[in-house]
Amino acid sequence: MNFDLSSEQIMLRDSANRYVKECGASPKSTDAEVSLIQDFAKLGWLGLSLPEKCGGVGGSAIDVMVLCEELGRGLLLEPYLSVLLAGELLLASEVDAKAAQGGVVSSLLANIVSGNTSIATALYEADSRFELARQSCVAQVCEQGYTLNGTKSFVLNGAQADQLLISARTQGQFNDASGISLFLLDRKTPGLALDPYYSFDGLPMATLSLSNVVLRKEACLVSNTALPIMEAAIEKVIIALSAQALGAMETLLYSSIEYCQLRQQFGKKITQFQAVQHRFVDMYMACEEVRSLLYAAAIKQVESAPDAKLITAMLKVKVGEAGRFLGEQSVQLHGAMGFTEDLLVGRLYKRLLAIDTLFGNADYHLKRVIKLS
Amino acid sequence: MDLNFSAEDELFRLQVRDYFKNDYPKDIIAKVSAGKSMVKADYQRSEQALAKKGWLAVNWPKEHGGPGWSVVQRYIFDEELEIAGALNVIPMGLLYFGPVLYTFGSEAQRERWLPGILNSTTFWAQGYSEPGAGSDLASLTCRADRQGDEYCINGSKIWTSYAHFADWIFCLVRTDPASTRHDGISFICVDIRSPGVEVIPIRSIDGEHHLNRVEFNNVRVPIENRIGDEGKGWHYAQYLLGHERTSYAHVGARKAELALIKNAARTAGVGGSSLLKDPLFASKLARTEIAVKTLEYTTLRILSATQVGAAPGNESSILKILATECAQAVSTLMLELAGADGLTEKAVSLPLSERQGLSGAMCTEKYLFDRAQTIYGGTTEIQKNVIAKQVLGLRS
Ligand SMILES: Cc1cc2nc3c(=O)[nH]c(=O)nc-3n(C[C@H](O)[C@H](O)[C@H](O)COP(=O)(O)OP(=O)(O)OC[C@H]3O[C@@H](n4cnc5c(N)ncnc54)[C@H](O)[C@@H]3O)c2cc1C
């Protein structure tokens, strides 16, 4: 039994912490995103969990967790999650003999790691309610290969990406687990339209519509069996996202304590009121609980333990609930000040709300816990 | 004991319902339900429509221009207004200051200010909180120094809702510089366009402009703008807060929101299926319905005690906690309903259901705005301190 970080992991944590402090909480602009990608590439973070043969570092889910906790602590709205998700999907698809042909996938991975190519992944649809099997975007076999039609929603970093990974149905009915395939396409492909917007917490997102998009056969990276691959990749992303949430939660906790220790009412620091003290203890406990499940889930994933899925689902439930709790309490403890737009508290709170929603909210994962346990 | 409304009250309900259905401005109802930001002209038009009917100052007695309704009639009116999706009045003049004015104001002051409130030509703001005085309001430091027939006001007020709409602001100020707490505070009305008053906007977490900081720099105010006695402002302020806290029930709004939620939930599940069949969502919905029912009967229980002559005292704290937590429960359910749609920013957010315009962004915005409910009008923690001390006799 050992929950300690290795010396390399401590170094990674400290350098991420330094970098994030220098950056400050990131502004909402395309320029800022581009420069972040370049920095992340230089620091070796884009390839943190990717194998060395494509320029990566070959790190584990624990390394990813260590990095992401620091990114979340500094409220950095970064492009890393998109890279992590696409990287996992591409790696898994490489196992598929057909896609590996010509080394398309490995050279793409190398370009992603070096920051030369940006990539986004479009899996969810507007009415899928986090259910991955719900794929009404259709890919029909045609002479040249496939014709794709449909709409993909909530595509993180979608509008900025050079390349897109898209899931679509090649067989079966709307909610069937099988018959889902994964396609790679260039953003300039005719028939593909991207509608960019920002999420309420400032993440660049897009809605993607496909209207008779014709793709060559090779564009299909995984044929009919993409669902388990998508699920496994999302489980990796959930660890990263939860680590970000934990970082954000601790920043919220400590910045709220700092504020309340300065704020005086009734001739006392408000942290002298026991009602306030106990609230902070509840918030602190919530952080500790998340940390326990986060470590457990990361280690289970590294070990490919049989209950890795279950623990990860439990983690996402905990993160969703604890994140909202931390946000709500921080606002309350700041009084009207917590209700203002520019304060870091509000931004962290919105980030935690968004994290709950990304890749399935607490209720969605609670149902998975029921199913898996 | 009897839970039924009387036959006259039921008839009254039908009249009110009919008014909102047929005579109240329809475009305002449409704008409210589309979740658009309301501007001053919307409030004014809504309030003037109600004034024309004689239904604006609903809590005022007849002799001051109110309809002279019973507590139950007022409850019914509020409920119907909110179920119809009409715009709530801006409360500062009508619900808060009005009762102070007709109870403690001089004849001249009533003549001067009541009509403008009654026909919605004058808007008021509430200048209580200060940067250093929130929960501990009695520590306020904004000062009014007596200079002949005038006060000279210096200091700042903050979190002043709708000061950017206001013509006047009623302020708690320290008139006795030697005093430190409740004594030595006076209740003074200031023309917000007086030289030396500056209104600075503050944006809130939902991205909207509700709040302001109001700075007073050598603002000269004639002494006849003071309500009641010098140094007795705290008493009038408390009287007002009792009215303010009992005005938070909003049972009709909660019922209307629940109806919207249920309607949208019918098609918000996977692939357009019903979310009402999802056991987790259904159980959250059921809990929220229990919260709304609890609020409804608690409000009625407290109001009917008021009716037979008991003043709403500490009950206003109970109602404040219950009502605001209930509002938060309902908007948290909205957030659940929205799911991933709640992520989108306002401009691109699509309606959750074709039949009505509850969009994902509206759900998120409502949820975020409702965080303020347990802060304004005295935080939940402060209400709990009141109940612990005054009701349960617990002292620290
Ligand atoms: C949307 C909105 C609209 C508002 N509109 C107006 C307006 O129009 N006019 C106006 O004058 N004011 C207005 N306010 C201000 C409001 O009345 C104050 O925010 C409120 O009284 C709390 O004060 P504060 O914000 O300074 O918080 P603080 O008093 O600093 O409180 C911070 C935290 O400490 C807690 N706390 C403080 N004392 C104790 C204690 N003794 N025991 C336990 N916990 C304690 C509080 O509960 C809170 O959680 C508005 C506020 C909001 C959010």
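Numbering of residues starts from 1 in every chain and runs along the sequence as written. All chains are assigned letters beginning with A, and all ligands numbers beginning with 1, in the order in which they are written. Where totals are concerned, whole chains, interfaces and linings use all residues; where local detail is concerned, this predicted model gives features only for residues with pLDDT of at least 70, and gives and counts side-chain atom pairs only at 80 or more. Side-chain figures throughout are based on the complete set of non-hydrogen atoms in the structure, without hydrogens or water.

A.B. asks: Go over the pairing of strand 2 (residues 138-141) of chain A, please, and point to the residues and values.
C.D. replies: Residues and elements named next belong to chain A. Where strand 2 meets strand 3 (residues 145-156), four bridges bridge the pair, whose relative direction is antiparallel. Within strand 3, the residue paired with Gln140 across the bridge is Thr147. At least two DSSP bridges between two strands are needed for those strands to be called paired. To qualify as a helix, a DSSP run of H or I must reach at least 4 residues; to qualify as a strand, a run of E must reach at least 2; elements of each kind are numbered from the N terminus. Remark: three residues form the turn of the hairpin made by strand 2 and strand 3, two consecutive strands paired antiparallel.

A.B. asks: Just give me the short version of the interface of chain A and chain B, but keep the residues and values in it.
C.D. replies: Chain A puts 42 residues into the contact, and the matching count from chain B is 49 residues. Between chain A and chain B, roughly 3800 Å² of surface is buried when both sides are summed, and carbon and sulfur atoms account for 61% of that area. Three residues stand out in chain A for area buried against chain B, namely Arg129, Gln332 and Phe339 of chain A, and they jointly supply 21% of the buried area on that side. Basic side-chain nitrogens of Lys or Arg form a salt bridge, by our definition, when they fall within 4 Å of a carboxyl oxygen of Asp or Glu. Counting the contacts that link chain A with chain B gives five salt bridges. The partner of Glu381 of chain B in a salt bridge is Arg279 of chain A, and the shortest N-O contact between them spans 2.7 Å. We define a polar contact as two N or O atoms separated by no more than 3.5 Å, with the added condition that, inside protein, one atom must be a possible hydrogen donor and the other a possible acceptor, whereas residues neighbouring each other in sequence contribute only through side-chain atom pairs. At the surface where chain A touches chain B, the tally comes to 22 residue pairs in polar contact (both at pLDDT 80 or more). Taken together, the elements giving at least two residues each to the side of chain A that touches chain B come down to strand 6 (192-198), strand 9 (264-265), helix 9 (308-334), helix 10 (344-357) and helix 11 (362-372) of chain A. With six residues, the single largest contributor to the side of chain A that touches chain B is helix 10 of chain A. Classes in brief: Ala, Val, Leu, Ile, Met, Phe, Trp, Tyr, Cys and Pro nonpolar; Asp, Glu, Lys and Arg charged; the others, Gly included, polar. Residues of the side of chain A that touches chain B, tallied by class, amount to 16 nonpolar, 13 polar and 13 charged. We call two residues contacting when some pair of their heavy atoms lies within 4.5 Å. Buried area, as used here, totals the accessible surface that two parts lose on assembly, with accessibility defined by a 1.4 Å probe and the loss added over both.

A.B. asks: Any details on the UniProt feature "domain: Acyl-CoA oxidase/dehydrogenase middle" (unreviewed entry) in chain A? Residues and values, ideally.
C.D. replies: In this structure's numbering, the residues bearing the UniProt feature "domain: Acyl-CoA oxidase/dehydrogenase middle" (unreviewed entry) are residues 122-213 of chain A. Here residues 122-213 of chain A is 0% helix and 52% strand, with 15 Å between the C-alpha atoms at its ends. UniProt positions are given in the numbering used here, feature names are shortened, and annotations may be inferred rather than shown by experiment.

A.B. asks: Before we move on, could you go through the domain arrangement of chain B and cite the residues and values that matter?
C.D. replies: All names here are of chain B. A domain assignment, automatic or from a database, supplies the domain bounds used here. Domain parsing of chain B yields domain 1 (7-89), domain 2 (124-233) and domain 3 (248-391). The distance between the C-alpha centroids of domain 1 and domain 2 comes to 30 Å. Counting residues at the interface gives five residues for domain 1, matched by four residues for domain 2. Taken as a group, Ser37, Lys40 and Tyr43 account for 94% of the area that domain 1 buries against domain 2, more than any other trio of residues on that side. Counting every contact that joins domain 1 to domain 2 gives two residue pairs in polar contact (both at pLDDT 80 or more). Broken down by class, the residue content of the side of domain 1 that touches domain 2 amounts to three nonpolar, one polar and one charged.

A.B. asks: An account of the site of the ligand is requested, with residue identities and associated values reported.
C.D. replies: Arg263 and Gln332 of chain A together with Ser135, Trp159 and Thr379 of chain B are the nearest of the 28 residues found near the ligand. One heavy atom within 4 Å of a molecule or strand makes the whole residue count as near it. Around the ligand, the neighbouring residues derive from chains A and B rather than from a single chain. Side-chain polar atom of Arg263 of chain A to an oxygen atom of the ligand: 2.6 Å apart, as the coordinates give it. Between the ligand and the protein, one listed contact pairs an oxygen atom with a backbone N or O atom of Tyr128 of chain B at 3.0 Å. We get accessible surface area from the Shrake-Rupley algorithm with a probe of 1.4 Å; when it comes to residues, only the shown protein chains can shield them. Coverage of the ligand by the protein amounts to 94% of the 980 Å² it exposes when considered alone. Contributing elements (two or more residues each) for the shell around the ligand: helix 9 of chain A together with helix 12 (380-391) of chain B. The biggest single contributor to the shell around the ligand is helix 12 of chain B, with three residues.

A.B. asks: Describe the UniProt feature "domain: Acyl-CoA dehydrogenase/oxidase N-terminal" (unreviewed entry) in chain B, naming the residues involved and giving the relevant values.
C.D. replies: The UniProt entry lists residues 7-119 of chain B under the feature "domain: Acyl-CoA dehydrogenase/oxidase N-terminal" (unreviewed entry), expressed in the numbering used here. Across residues 7-119 of chain B one finds 68% helix and 0% strand; the C-alpha atoms that close the span lie 31 Å apart.

A.B. asks: I'd like a description of the pairing of strand 7 (residues 204-216) of chain A, backed by residues and values.
C.D. replies: All names here are of chain A. The sheet contact formed by strand 3 and strand 7 spans nine bridges and is antiparallel. Looking at the pairing, Tyr146 lines up with Leu215 of strand 7. Pairing of strand 6 with strand 7 involves seven bridges; the strand directions are antiparallel. Looking at the pairing, Pro196 lines up with Ala206 of strand 7.

A.B. asks: Any details on the pattern of salt bridges? Residues and values, ideally.
C.D. replies: Enumeration according to the criterion identifies 45 salt bridges over all chains in this entry. Between Glu250 of chain A and Arg291 of chain A there is a salt bridge; the shortest N-O distance is 3.1 Å. Of this pair, Glu250 of chain A sits in helix 7 (residues 226-262) while Arg291 of chain A sits in helix 8 (residues 274-302), and the two are 41 residues apart along the sequence. With its nearest N and O atoms 3.4 Å apart, the salt bridge here joins Glu230 of chain B to Arg146 of chain B. With Glu230 of chain B in the loop between strand 8 (226-227) and helix 7 (233-246) and Arg146 of chain B in strand 2 (residues 143-147), this pair connects stretches of sequence that are 84 residues apart. Through salt bridges with shared partners, one network takes in Glu10, Arg13, Arg17, Glu79, Glu80, Lys255, Lys293 and Glu296 of chain B.

A.B. asks: Can you lay out the packing of aromatic side chains for me, pointing to particular residues and giving the numbers?
C.D. replies: Residue and element names in this part refer to chain B. Between 30 and 60 degrees the pair is tilted, below 30 it is stacked and above 60 it is edge-to-face, where a pair is any two Phe, Tyr or Trp rings, Trp via its six-membered ring, whose centres lie within 6.5 Å. Across all of its chains, the model carries 36 aromatic pairs over all chains by this definition. The interplanar angle of 25 degrees and the centroid separation of 5.6 Å between the aromatic rings of Trp124 and Trp168 together place this pair among those described as stacked. Separated by 44 residues along the polypeptide, Trp124 in strand 1 (residues 124-127) and Trp168 in strand 4 (residues 168-174) bring together distant segments of the chain. The class of Trp124 is buried, set by a relative accessible area of 2%. Taking 6.4 Å as the distance between ring centres and 40 degrees as the angle between the ring planes, the aromatic pair formed by Trp124 and Phe170 counts as tilted. Remark: Phe170 occurs in strand 4 and Trp124 occurs in strand 1; sequence separation between them is 46 residues. Both residues of the pair, Trp124 and Phe170, belong to the buried class. These aromatic residues form a ring-pair network of at least three members: Phe12, Tyr19, Phe20, Tyr24, Trp55, Trp69 and Phe77. In this scheme, a residue with accessible area under 20% of its type's maximum is buried, one over 50% is exposed, and one in between is partly exposed, where area comes from a 1.4 Å probe on protein chains only.

A.B. asks: Outline the domain arrangement of chain A, supporting the account with residue identities and numerical values.
C.D. replies: All names here are of chain A. Assigned domains of chain A: these are domain 1 (7-114), domain 2 (119-224) and domain 3 (228-372). Summarising the inter-unit geometry, the C-alpha centres of domain 1 and domain 3 are found 23 Å apart. Residue-level contacts link 21 residues of domain 1 with 28 residues of domain 3. Carbon and sulfur atoms make up 75% of the area that domain 1 and domain 3 hide from each other, which totals about 2000 Å². For the pair domain 1 and domain 3, the number of links is three salt bridges. Across the salt bridge formed by Glu69 and Arg291, the nearest N and O atoms sit 2.8 Å from each other. Viewed at the interface, domain 3 and domain 1 are joined by six residue pairs in polar contact (both at pLDDT 80 or more). At the level of elements, helix 3 (61-73) and helix 4 (80-95) are the ones that each hand at least two residues to the side of domain 1 that touches domain 3.

A.B. asks: Can you explain the nonpolar core? Please cite residues and give values.
C.D. replies: In this structure, Phe40, Met65, Tyr80, Leu89, Leu90, Leu165 and Phe359 of chain A are the most contacted members of the largest nonpolar core, which totals 116 residues. In terms of residues, this core owes the most to one element, helix 7 of chain A, which gives 19 residues. Look past the residues within four positions of Leu90 of chain A in its chain and what remains in contact with it is Val105, Leu108, Leu109, Ile112, Ile119, Leu165 and Leu221 of chain A. In this structure, Tyr43, Tyr102, Leu137 and Val292 of chain B belong to the second largest nonpolar core, which totals 84 residues. Residues enter a nonpolar core if they are buried and are Ala, Val, Leu, Ile, Met, Phe, Trp, Tyr or Cys, with the set joined through side-chain atoms within 4.5 Å.

A.B. asks: Describe in detail helix 3 of chain A, supporting the description with residues and values.
C.D. replies: Residue and element names in this part refer to chain A. Residue count minus one, scaled by 1.5 Å, sets the expected span of a helix. Taking 1.5 Å per residue, 13 residues should reach 18 Å; helix 3 reaches 18 Å between its end C-alpha atoms and fits that length. By the criterion of burial, helix 3 is predominantly enclosed, with twelve of the 13 residues buried. Ala61, Ile62, Asp63, Val64, Met65, Val66, Leu67, Cys68, Glu69, Glu70, Leu71 and Gly72 are the residues of helix 3 that are buried. Near the N-terminus of helix 3, the side chain that reaches the backbone nitrogen of Ile62, with its oxygen 3.1 Å away, is that of Ser60. Once helix 3 ends, the next one or two residues include Leu75, with phi positive near 50 degrees.

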